[in-house]
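# Architecture at a glance
These are the residues of each chain, in order.
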Amino acid sequence: MKKLLMPYISEGLKLKNHLVMAPMTRSRAIDNLPNELMAEYYGQRSGAGLIITEGTAPAPEALGYARIPGIFSNAQVEGWKAVTSAVHKNNTKIFLQLMHTGRVGHQDNLPAGVALVGVSDIPAAGQIHTDTAGMQNHSTPKALDTQGVLNVIDGYVSAAKNAIAAGFDGVELHAANGYLIEQFLNPNVNNRTDTYGGSIENRTRFALEVAQRVADAIGKDRVGMRISPNSTLGDLQAYDAETVEETYIHLSRELNRIGIAYIHISINPQVPQQTLAAVRTEFEGTLIYCNTFTAEKAEAELNGGDADLIAFGRPFLANPDLEQRIANGTELNAPDFTTLYTPGAKGYTDYPILFNS
Ligand SMILES: Cc1cc2nc3c(=O)[nH]c(=O)nc-3n(C[C@H](O)[C@H](O)[C@H](O)COP(=O)(O)O)c2cc1C
C-alpha cells in the first residue's frame, strides 16, 4: 500500500493518512460568513487525513479579498461549525488557516470604517478584484504602529480561540505568499525602526509572538505555520539568498522551541535545496511539503525525502475523491480556472465524483 494512504502518527498529530488538502481561497463566503455550500465542499474532500481551510481573516481589517470568510464574529463561529462537523464525520482533522492579508487588499473589500493596514505604508504593486468596481490597484496600507502590532497579535489569539470553539482541530498561521506575516519577514517591505524591523530577530518577532501567544492560548499541538521562503508573491521583492536562509533558520529554530505541531512549506522553484534542508534540520515536528506534487512524486518524497506529509491543492480542488483516485490509479479531473473564485456551486461542489468515501 502507498505510504501516502497509510496512517500518520506523530506526537502531536494523528491522521488517517499522509494526504493533506492544501489551503485554497474559493471566495464562496458571502458576507464573509461560512455557509452550507462550504460545508458540502469540505465534506466532499474528507478523504484527506488533514484539511487546511482557505485563508480566513482573524480580524475585519484582514479581509483583503472579496468573499473570504472570517473567524472574528459569533455568526462566523456558528457558520464554521457546519464545516467542522461535515469533515469530522469521516475521521478527518481540519485546521483553519488564519490569513491576515495586510497590504494585499482593497478598501472596497473591507467593512465600512475599517482601514487596510500593513507592516509599512508601502503599497503592493498590481491589482486585486473587488465586487464593487472590478480590478483595482491595491490600496495603500496604513503602517501599523507598535501598539497596532500588539492589537493584531491579540486578534490572532481571539481568532484561534474562536476556531477551537467552532470545532477546528487547530489553526495554521499563514506566513507565506506575501501576506502580513511574510510582509514582516521581508526586509524590502518591512522598513520599521521599532523592535519588529531591522535584524533577523526583529523581522521574525511578529511571526514568533503570534505563534507563541496562539500556542499558549489553544495548545502548541494545535498550531502550524505555513512558510514560502524565496517567494515573491504579493509583490515581495527578492532579497539575498543567504539572508533568506538565515531568516528561515532562525524562524524554524524558534518554532521548534515553541513546539508547534507542524511547518508547512509552499515550495517554489526559487527555494534552494539547502534552505529546505536547513528547515528540516532545525524543526523536529511534522514537516508538510506542497506545490506541484503528483501521487508518484509524493510517494518518493515520503519514502526518501524530508517531508512527513504532502499537501495537494489543485488536485483536491478538482477531485473531491482524490484519495480514492490515488488508491485506484484513476485519472484526475482538471481544475476549471474560470470558476476558482466565482460565487456559487458551479466549479465548486459539482466536480465529478467516481468513488464515495
Ligand atoms: C484557487 C487557489 C486558492 C489558493 N488559496 C490559498 C490560500 O488561501 N492560502 C494559501 O496558503 N495558499 C493558497 N493557494 C496555494 C495552494 O495552497 C498551493 O500552494 C498551490 O495550489 C500549489 O499546490 P498544487 O500544485 O498542489 O496546486 C491557493 C491555490 C489555488 C489554486
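All values reported here derive from a predicted model rather than from experimental measurement.

What follows deals with the pattern of salt bridges. Pairing is possible between side chains that carry opposite charge, provided their charged atoms lie close to one another. Applying the stated criterion to the full structure yields nine salt bridges. The salt bridge partner of E78 is K81, with a shortest N-O separation of 2.9 Å. One end of the pair is E78 and the other is K81, both in helix α2 (residues 74-88) and three residues apart, which spans about a single turn. Taking the relative accessible area as the measure of exposure, K81 reaches 35% and is therefore partly exposed.

Bringing the nonpolar core into the picture now. Counting residues in hydrophobic clusters, the biggest one holds 85 residues, and the most contacted among them are L4, L173, F206, V214 and M225. The contact partners of L173, leaving out residues within four places of it in the chain, are L98, Y156, I181, V210, A211, V214, V223, G224, M225 and R226. Of all hydrophobic cores here, the second largest spans 14 residues; its members include Y8, A22, Y262 and A311.

According to the stated counting rule, one finds eight aromatic pairs in the structure shown. Arranged with centres 6.1 Å apart and planes meeting at 75°, the rings of Y65 and Y179 form a pair that is edge-to-face. Here the residue Y65 occupies a position in the loop between β4 (50-56) and α2, and Y179 occupies one in the loop between β10 (170-175) and α4 (180-185), the gap between them amounting to 114 residues. According to the relative accessible area criterion, Y179 is buried, its value standing at 10%. Where F184 meets Y196, the ring centres are 6.3 Å apart and the plane angle is 80°; that geometry is what we call edge-to-face. Highlighted residues: F184 in helix α4 and Y196 in the loop between α4 and α5 (200-203), separated in sequence by twelve residues. This pair shows no difference in class: F184 is buried, exactly as Y196 is.

Turning next to the pairing of strand β14 (residues 309-312). For a regular strand, the rule is simple: side chains alternate between the two faces of the sheet. Burial along β14 is two-sided: L309 and A311 and I310 and F312, pointing in opposite directions, are all buried. Alignment of strand β3 (residues 19-21) against β14, held across three bridges, turns out to be parallel. Bridge pairing in β14 places L19 opposite I310. Sheet topology places strand β13 (residues 286-290) next to β14; three bridges connect them, and they run parallel. In the strand pairing of β14, C290 is matched with A311.

Before going further, it helps to examine the pairing of strand β12 (residues 262-266). Summarising burial for β12: five of the five residues are buried, a large majority. Both faces of β12 are covered, namely the face carrying Y262, H264 and S266 and the face carrying I263 and I265. Alignment of strand β11 (residues 223-227) against β12, held across four bridges, turns out to be parallel. Paired with R226 across the two strands is H264, which belongs to β12. After leaving β11, the chain enters helix α7 (residues 241-258) and then returns to the sheet as β12, a path that is right-handed. Sheet analysis places β12 next to β13, joined by five bridges and oriented parallel.

Each value, and the rule that gives it
Residues numbered from 1 in each chain as written. Predicted model: local features only at pLDDT ≥ 70, side-chain atom pairs only at ≥ 80, totals over all residues. Heavy atoms only, no water. Salt bridge = Lys/Arg side-chain N within 4 Å of Asp/Glu carboxyl O. Helix = DSSP H or I, 4+ residues; strand = E, 2+ residues; numbered from the N terminus. Buried < 20%, exposed > 50% of the residue type's maximum accessible area, 1.4 Å probe, protein only. Core = buried A, V, L, I, M, F, W, Y, C linked by side-chain atoms within 4.5 Å. Contact = heavy atoms within 4.5 Å. Phe/Tyr/Trp six-rings, centres within 6.5 Å; stacked < 30°, edge-to-face > 60°. Pairing = 2+ DSSP bridges. Right-handed = clockwise from strand over helix to strand, strands pointing away.

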